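The lines below spell out each chain.
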Amino acid sequence: MNLTVTTIAKSLAGYLAPHFPGVTFYEDPNQQGSQQPMMFLQTRTNRLLLETGGFWRRILGVDLVYLLEYNLPDLQRRYQAAGETLDLLMESFPYSDGTTEGTVLLRTHDREWNIDLDELHYRFEVRERVALPQEHVKMETMDYEPEVTHG
């Protein structure tokens, strides 16, 4: 199963859409043609730590940004409600890479949120053990004739 920012964004959109009706989900900040209310995912950090057995720990820090119309009189209350809803939903989420059948649950770590003047930032990390694709050197044959020297 592949683990990419794109597939995480798609999985989150499918998972969160029923809880945020009318919200448009984007993979990344979309400048033109964006419709509010909207959510998008921004990558904050990406680290790989070597583990045993040729595996790696991928630590992906992301920021789920929620935007509403700026001039709403109850904007702060709406952002607080959204942050609390995300707290209830985001301990783990169903993940699919779009090619492998079924889903797996991805756990989130270090979840936190804050409200800027005009947006909600919900930050968390995904920490998964992965194997990086490698090109293997194929075994080759060689002609070998032992040389014996007498001395």
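Please read these numbers as outputs of a predicted model, since none were measured by experiment. (Residues numbered from 1 in each chain as written. Predicted model: local features only at pLDDT ≥ 70, side-chain atom pairs only at ≥ 80, totals over all residues. Heavy atoms only, no water.)

Caption draft 1: Layout of the nonpolar core. One finds L16, F20, Y66, L86, F93 and F124 to be the most contacted residues of the largest nonpolar core, which totals 28 residues. Elements with a contribution of two residues or more to this core: helix 1 (5-16), strand 2 (38-50), strand 3 (56-67), helix 2 (75-89), strand 4 (92-95) and strand 6 (120-130). With five residues, the next largest nonpolar core counts Y26, M38, F40 and L67 among its residues. (Core = buried A, V, L, I, M, F, W, Y, C linked by side-chain atoms within 4.5 Å. Buried < 20%, exposed > 50% of the residue type's maximum accessible area, 1.4 Å probe, protein only. Helix = DSSP H or I, 4+ residues; strand = E, 2+ residues; numbered from the N terminus.)

Caption draft 2: Quick peek at the packing of aromatic side chains. The full count for this structure, using the stated rule, is three aromatic pairs. Summarising the aromatic geometry, the rings of F20 and Y66 are spaced 5.6 Å apart at their centres and angled 65° between planes, so their arrangement reads as edge-to-face. In this pair, F20 sits in the loop between helix 1 and strand 1 (24-26) while Y66 sits in strand 3, placing the two residues 46 residues apart along the sequence. A relative accessible area of 9% means that Y66 is categorised as buried. Relative to F124, the ring of Y122 lies with its centre 6.3 Å away and its plane at 55°, an arrangement referred to as tilted. Of the two residues, Y122 and F124, both sit in the buried class. Three or more aromatic residues joined by ring pairs make a cluster, and in this case those are F20, Y66 and Y79. (Phe/Tyr/Trp six-rings, centres within 6.5 Å; stacked < 30°, edge-to-face > 60°.)

Caption draft 3: Representation of the pattern of salt bridges within the structure. On inspection of all chains with the given rule, the structure shows eight salt bridges. Between D74 and R77 there is a salt bridge, and its shortest N-O distance comes to 2.5 Å. Ionic pairing is found between R107 and E91, a salt bridge with its closest N-O pair at 3.0 Å. You can see R107 sitting in strand 5 (residues 104-115) and its partner E91 sitting in the loop between helix 2 and strand 4, a full 16 residues away along the chain. You can call R107 partly exposed: its relative accessible area is 42%. Classification of E91 as partly exposed rests on a relative accessible area of 46%. (Salt bridge = Lys/Arg side-chain N within 4 Å of Asp/Glu carboxyl O.)

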